[in-house]
Amino acid sequence: MAKDRQGLHFSELVWESTEQNVAIPPRGTVDEGSRKPKSEPVKKKTSGSGYDTVQLQLWDMEESVEPVTTTESEFVQRARELVEHKEPAVLFVPFKSYWPTYGHMTGAQSRWYFFWRDEVRQGRYPKTDLSYIFLHIYELINGVGWDEPQEGYRQLNLLWEAYRDSYKRLDQYLGGWIADFSFVHKLDIPLSEIVARSRGLAGDLAELELVRCLSTAPEQLSIEVLSVMSDYDISKSKFYTGEGKIAADRYIPQVVALIDAYVARKHDSNLITMFPPAPPVVRERYLFRSAVYDISLYGYSVLVPVIRVSKSPPLRSLITRLFRLTENKLRALMGYRGRLKDIRVDADMDDLVTRFLEREFRKAEQEEKGPAVVIDQQKLEQLASDSEVVRSLLTVEDTGERGQEDDAEWIIESEGALGGAGLAGAGSDADVHESTGSADVTSDAEVLGRAESAGEKSVANTDARVAPAVSANAESISDSSARAEEQVVAMIGGERIERGHEELPGTHLSAGQKLTASPPPYSDSEADRWILFASELTPLQRQAVLALAEEDGSVKVQRLAAGAGTMAELLYDEINELAMDSLGDLIIDGEELTEECLSMLDYIKR
């Protein structure tokens, strides 16, 4: 009776028999030959050594053991048969079952399920009942619906993310099941998202994730995982429950990663090496609890070695102080009144955390304000149109008739280059003398008249575009043999471009020859600035710039920064500060080099 008070335990078994359609014999008629002979009495045998042995004969014939089939194994067999089954679009039919299987659904529910499952496999997630979702999850954890374990893990995660806002119960089950899935198939995946979504699973899973991050990937730490190591419950802080939650969730893991890199640089060992935890404890983890799961696939449980890194007293004390220190710095930066007391850390750590948070806050404020220069698209289009006009004005073509050469040299100078005097000239009737002879310069009136009389001729169209651009007082050149250098100043694309003309030869311009403005090459002063910038870079900064120019540059920079005891973001900011001082512009945008910097890498490689 005492055992009955402990509760009832149920087990569902399905017994199968190979005998079918056997007639029941009439009562009173028994086949004499079918009767079993009575068991013989116990026989005593005497061995040669004088000892007696007793042989017990319980049955005269052996009976075959009937096969036993569980509901879970039947479900898996049926799931494999229906793995490719699809249905056309049908109306949604509600379905609620505690342990849903195919046998629990009606025909209409089955048609909806297979249509919905096909939609989910294609990345669409229609609204449905929770029982349909669990049924599909049971298929995935039993190995149905995927070929590679990584694909099954991906489907489970997408299913969880798509429906967790609608059904909070998924957080209660799916976190543990996905963790079991990773253990069974030996998948090396981060468990931080599982720990963050499933608060109740923060025990062994949090310990495993802490060891992984502190050993190989400190930048992937999250506040949910770190909270296991902190004696300070930040969730009860008024600052955290108010305006500081987003900032704390973002910066506290980054500060821990920063201190880990600092300790590695200063002491040549990271935090988990400096404060080694106790040896691992082997824990038995039962697989896929409360799920329809066939234990013949992966077994009843797995053994998982767990290192209790959160139980290390010195490491736990340091993480607690970093939590409190970071909250104090965030309070100061966000103008929140009140400070936490009795925070004792090294002065170097305090200064490092302060500089890091101030820099990150400045960067975040700049991103919220937006770029300092905003480009007006309409003005940009207008400038592009004006630049085309200027280019056409800078083009001079020969307009003389066949057999007659009429050369003209046009000098266009900006108002700023002439001190506001504009374009001046000596008159339209002046003669231009060449070293080998002289020729008349076509006056403005003659050019206009020629353009009007020429009609639709292309030559006249060219003169008609050039003539209005020159003032009526166009300056003539009296002595071209002097070969003086002139400057053409134009406003192209809203920027001032100056170019010194090369000495013109004494010969006339050939027919169809054009004089166009082209962008200047890099000047010596610009090369000097890049040489100066390259000389100011430290070896670590130089390696970071060159690494960004390669494939997966950001990953390489993170490794360089971790090896030097700093962070990639700090390294980017230091390089950009030097670039602003030397070049007047940034060379790193996000985690990529600007196009100008890529074209100047030769100066940095020297």
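See above for the structure.
Notes on the structure in this doc start here.

Here is what the cut-offs are and how they apply
Residues numbered from 1 in each chain as written. Predicted model: local features only at pLDDT ≥ 70, side-chain atom pairs only at ≥ 80, totals over all residues. Heavy atoms only, no water. Helix = DSSP H or I, 4+ residues; strand = E, 2+ residues; numbered from the N terminus. Buried < 20%, exposed > 50% of the residue type's maximum accessible area, 1.4 Å probe, protein only. Contact = heavy atoms within 4.5 Å. Areas by Shrake-Rupley, 256 points an atom, 1.4 Å probe, with all protein chains shown as cover. Salt bridge = Lys/Arg side-chain N within 4 Å of Asp/Glu carboxyl O. Polar contact = N/O pair within 3.5 Å; in protein donor to acceptor, adjacent residues only side chain to side chain.

To continue, consider the overall build of the protein chain. Across its full length, the protein chain holds 23 helices and 12 strands. Across the 606 residues that make up the protein chain, the buried fraction comes to 35%. Residue pairs at least 24 apart in sequence account for 64% of intrachain contacts in the protein chain once pairs closer than 6 positions are excluded. When the accessible surface of the protein chain is summed, it comes to about 38300 Å², and 51% of that surface belongs to carbon and sulfur atoms.

This model, assessed by the stated rule, comprises 20 salt bridges. Note that Arg 285 is salt-bridged to Asp 180, the shortest N-O span being 2.5 Å. Linking Arg 285 in strand β5 (residues 281-286) with Asp 180 in helix α5 (residues 169-184), this pair joins segments that are 105 residues apart in sequence. Take Asp 180: its relative accessible area is 2%, and that puts it in the buried class. Where salt bridges share partners, they join Asp 204, Arg 283 and Arg 308 into one cluster.

Time to look at unusual backbone geometry. A positive phi angle is found at Lys 186, which is not glycine, with a value near 55°. Tracing the backbone through its elements, the reader meets Lys 186 in the loop between α5 and α6 (192-197). For Asp 552, which is not glycine, the phi dihedral falls at a positive 55°. Within the secondary structure, Asp 552 sits in the loop between α19 (539-548) and α20 (553-563).

Another point: the side chain of Arg 117. Mapped onto the fold, Arg 117 is located in helix α2 (residues 107-121). Within polar-contact distance, the side chain of Arg 117 engages the backbone oxygen of Val 83 at 3.3 Å. Setting aside anything within four residues of it in sequence, one finds Arg 117 in contact with Leu 82, Val 83, Glu 84, His 85, Tyr 102, His 136 and Glu 139.

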